Amino acid sequence: GGKFVWPTIGAYQVSSGFGRRNLGDGWHDGIDIVRPGGSTGCTVVAAEGGTVIHSGWKSAAGYSVTIDHGNGIQTRYYHMKKGSLVVKNGQKVSRGQPIGQIGATGYVTGAHLHFEIRANGKSVNPMAYLK
């Protein structure tokens, strides 16, 4: 744990944590990050170096990026702002490199970054991996 950097610049509040939620939609596979007063446009960064395996539109996730870090670990960044993605499929990225901006695309009720970490295909609590 603790090797990934925080995936946003300027947004540090977790508005919805990992696990069971009382929102009527059951399990939450990641954490939602916001900046009080407005999150749109805050920079999203790669939490760790790796290879971009998805950069683009994905219905419920909206504009999103998935990065493969090797050893069965992937990070997912959802609901980013239209036109803000600055990485492409197959691109190598480094820890802390900007990949886009927080938005409100896909199935959302407001602007935030949904951040997931998957280990061998299973969602894990991102807070255990973040510095």
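Below is a short write-up of the structure. (Residues numbered from 1 in each chain as written. Predicted model: local features only at pLDDT ≥ 70, side-chain atom pairs only at ≥ 80, totals over all residues. Heavy atoms only, no water.)

Some details on the pattern of salt bridges
Heads up, the rule is: The salt bridge criterion pairs a side-chain nitrogen of Lys or Arg with a carboxyl oxygen of Asp or Glu, the two atoms within 4 Å. Relative accessibility decides the category of a residue: with a 1.4 Å probe and only protein chains considered, values under 20% of the type maximum give buried, values over 50% give exposed, and everything between is partly exposed.
Across all of its chains, the model carries 4 salt bridges by this definition. Here Arg118 and Glu116 are joined by a salt bridge, their closest N and O atoms 3.0 Å apart. Residues Arg118 and Glu116 agree in their burial class; the two are buried. Several salt bridges share partner residues, and in doing so they unite Asp29, Arg76, Glu116 and Arg118 into one network.

Let's talk about the nonpolar core
Under the convention used in this document: In these notes, a set of buried Ala, Val, Leu, Ile, Met, Phe, Trp, Tyr and Cys residues joined through side-chain atoms within 4.5 Å is what counts as a nonpolar core. Helix numbers and strand numbers start at the N terminus; a helix is a DSSP run of H or I with at least 4 residues, a strand a run of E with at least 2. Note on definitions: a residue-residue contact is assigned when non-hydrogen atoms from the two residues lie within 4.5 Å.
In this structure, Val65, Ile67, Tyr77, Ile99, Leu113 and Phe115 are the most contacted members of the largest nonpolar core, which totals 26 residues. Counting residues per element, this core draws most heavily on strand E12 (residues 113–119), at 4 residues. Contact partners of Ile99, with chain neighbours within four places excluded, come to Val44, Val45, Ala46, Val65, Ile67, Tyr77, Met80, Ser84, Leu85, Val86 and Val87.

Some words on the packing of aromatic side chains
Put simply, the rule reads: Note on ring pairs: Phe, Tyr and Trp rings are taken, using the six-membered ring of Trp, and paired if centres are within 6.5 Å. Classes follow the plane angle, with under 30 degrees stacked, over 60 edge-to-face and the rest tilted.
Evaluation of the coordinates by the stated rule reveals 4 aromatic pairs. With 5.3 Å between their ring centres and 50° between their planes, Tyr77 and Phe115 make a pair best called tilted. Highlighted residues: Tyr77 in strand E9 (residues 73–80) and Phe115 in strand E12, separated in sequence by 38 residues. Each member of the pair, Tyr77 together with Phe115, is buried.

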